[in-house]
Amino acid sequence: MDTRLLEYFVAVAEESSFTRAAARLYVVQSTVSAGIQTLEQRMGTRLIERSGRRVALTAAGEHLPEPAREIVDATSRLQSAATGRIEGLLRVGIFVNLPTLRMPELFAAFRAQHPLVRLRLVSSPSGSTGLADELRRGRIDLAFMGLPSTELPDLETVELVRSPFVALLPDAHELSALAEIPLERLATEAWIDAPHGFGHRVLLERALARAGLVREVATEVSAVGDIPSFVAAGFGVALVPEVLVVPTAGTIAVPVTPVIEWPLSVSTRPHAGPAAMALREVMVQRFAVD
């Protein structure tokens, strides 16, 4: 079995589109269509139903994406073991606009070790929750993650760093002079936060619920790195993991009690390919040094 045909099938199954599958694999659409037809002939059954622009798996095709993906990943590992080289496309789920994580330096260190790997960096409008779903669907290979590993039992998750939440306040705020701020003192403020699904918001809302506190999120900002600017502009207060805080004029960061910790991790699917495993190792080493 030509594993390239299985790559075409997995891409079409995951993207529900021949056009998007072709773009993802850097080939023309006719190549993917011909590859699927060849695969169906060799399997002796139809795997994909085509109805206009609609693409759906047949009953037979529904059973194949996971084993096909495992074969493709295993073949990649064999090739790397035989040649000593890691190559191909690596799709990485990232958090956007967070200079404190120094992602360009991280990926530069990886590229220096594995120059034949092509990187595609993608984000999700629903943060870690969305990235976890993209991983499960096979649309990305590895992702930064801000959810506890206990919530990701079907993924392999390695913690990189654990960071306490801090309150971000305008520097003239009446609470800014405190050495630490009780969580309940912030509950009546207008809040700025990321959209639902972001890992730190999931953890924060659980902590508030445990404390019996209700808050009003007056402003949602999809780029966590922009939250301090909105605090400085007077939109409200925020609680953000300290490791993500971008120092911003007009704001002050103050510890909160009780302490709430946020885990920054990296997740892959089980039996991930060699490129994903190599990047995970670089990430672990990089954060250990930092």
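Undergrad: Looking at this structure, how should I read the overall build of the chain?
TA: Helix and strand counts for the chain come out as 10 helices and 12 strands. Judged by the C-alpha coordinates and their principal axes, the chain covers about 70 × 40 × 30 Å. Within the chain, the fraction of its 290 residues that count as buried is 48%. When contacts within the chain are restricted to residue pairs at least 6 apart in sequence, those whose partners lie at least 24 apart make up 72%. For the chain, the exposed area adds up to about 13800 Å²; of that, 53% sits on carbon and sulfur atoms. When the 28 basic and 33 acidic side-chain charges of the chain are each reduced to a single mean position, those positions are 9 Å apart.

Undergrad: Sorry if this is basic, but what is going on with the side chain of Ser265 here?
TA: With respect to the secondary-structure elements, Ser265 resides in strand S12 (residues 261-268). The contacts of Ser265, once residues within four sequence positions are left out, are Ala143, Phe144, Met145, Thr157, Val158, Glu159 and Leu160.

Undergrad: Looking at this structure, how should I read the packing of aromatic side chains?
TA: For any two aromatic rings, the description comes down to two numbers: the centre-to-centre distance and the angle of the planes. Following the criterion strictly, the structure yields 3 aromatic pairs and no others. Relative to Phe144, the ring of Phe95 has its centre 5.9 Å away and its plane inclined at 40°; by these criteria the two rings are tilted. Linking Phe95 in the loop between strand S3 (88-93) and helix H5 (103-113) with Phe144 in strand S5 (residues 142-145), this pair joins segments that are 49 residues apart in sequence. On the basis of relative accessible area, Phe95 is assigned to the buried category, the value being 12%.

Undergrad: Help me understand helix H6 (residues 127-136) in this model?
TA: In an α-helix, one turn spans 3.6 residues, which is why side chains three or four residues apart end up on the same side. For H6, every residue scored as buried is listed here: Gly127, Ser128, Gly130, Leu131, Ala132 and Leu135. Buried residues in H6 make contact with S3, strand S4 (117-122), S5, helix H8 (199-210) and S12. After H6 finishes, the residue Gly138 shows a positive phi value of roughly 80°.

Undergrad: Looking at this structure, I do not really get the packing of helix H1 (residues 3-15) against helix H2 (residues 18-25). What am I missing?
TA: Between two packed helices, the angle of one axis relative to the other and the distance separating the axes together describe the packing. Two elements in contact, H1 and H2, have axes whose closest approach is 8 Å; the angle formed by their N-to-C orientations is 125°. Classified by the angle between their axes, H1 and H2 sit oblique to one another. Crossing of H1 against H2: the hand is right-handed. Residues Arg4, Glu7, Tyr8, Val10, Ala11, Val12, Glu14 and Glu15 of H1 form the contact with H2, whose participating residues are Phe18, Arg20, Ala21, Arg24 and Leu25.

Undergrad: What exactly am I supposed to notice about the pairing of S3 here?
TA: Consecutive side chains of a regular strand alternate in pointing toward one face of the sheet and then the other. Relative to S4, S3 is paired through 6 bridges, and the arrangement is parallel. Of the residues in S4, the one forming a bridge with Leu90 is Leu119. Each parallel crossover has a hand, and the one from S3 via H5 to S4 is right-handed. For S3 and S5, the ladder comprises 2 bridges, and the chain directions are parallel. Paired with Val92 across the strands is Leu142, a residue of S5.

Undergrad: What should I look at first to understand the environment of Leu78 in this one?
TA: Structurally, the position occupied by Leu78 is in helix H4 (residues 65-83). Residues Leu78 and Pro274 lie 196 residues apart in sequence; the distance between their C-alpha atoms is 9.2 Å.

Undergrad: Looking at this structure, how should I read unusual backbone geometry?
TA: Most of the time, phi is negative for any residue but glycine, and the peptide bond is trans. Omega for the bond connecting Thr257 with Pro258 falls within 30 degrees of zero, at -5°, which places this linkage in the cis form. Structurally, Pro258 can be placed in the loop between strand S11 (251-257) and S12. Not every positive phi belongs to a glycine, and Arg102 is a case in point at roughly 50°. Its place among the elements puts Arg102 in the loop between S3 and H5. Phi is positive for His271, close to 60°, though the residue is something other than glycine. Among the secondary structure elements, His271 is positioned in the loop between S12 and helix H10 (274-289). Here His271 falls in the exposed class, since its relative accessible area comes to 56%.

Undergrad: Hey, could you run me through the side chain of Thr251 in this one?
TA: Mapped onto the secondary structure, Thr251 falls in strand S11. By relative accessible area, Thr251 is classed as buried at 18%. A distance of 2.7 Å separates a polar side-chain atom of Thr251 from the backbone oxygen of Thr248. In this structure Thr251 touches Leu169, Asp171, Pro228, Val231 and Ala232, once residues within four positions along its chain are discounted.

Conventions we followed
- Residues numbered from 1 in each chain as written.
- Predicted model: local features only at pLDDT ≥ 70, side-chain atom pairs only at ≥ 80, totals over all residues.
- Heavy atoms only, no water.
- Helix = DSSP H or I, 4+ residues; strand = E, 2+ residues; numbered from the N terminus.
- Buried < 20%, exposed > 50% of the residue type's maximum accessible area, 1.4 Å probe, protein only.
- Contact = heavy atoms within 4.5 Å.
- Areas by Shrake-Rupley, 256 points an atom, 1.4 Å probe, with all protein chains shown as cover.
- Lys, Arg positive; Asp, Glu negative; His and termini not counted.
- Charge placed at Lys NZ, Arg CZ, Asp CG, Glu CD.
- Phe/Tyr/Trp six-rings, centres within 6.5 Å; stacked < 30°, edge-to-face > 60°.
- Axes fitted to C-alpha atoms, helices over the stretch in contact; angles between N-to-C directions.
- Parallel < 35°, antiparallel > 145°, perpendicular 65-115°, else oblique.
- Left-handed = near helix turned anticlockwise from the far one by under 90°.
- Pairing = 2+ DSSP bridges.
- Right-handed = clockwise from strand over helix to strand, strands pointing away.
- Polar contact = N/O pair within 3.5 Å; in protein donor to acceptor, adjacent residues only side chain to side chain.

In short, shape yes, function no, at least from these values alone.
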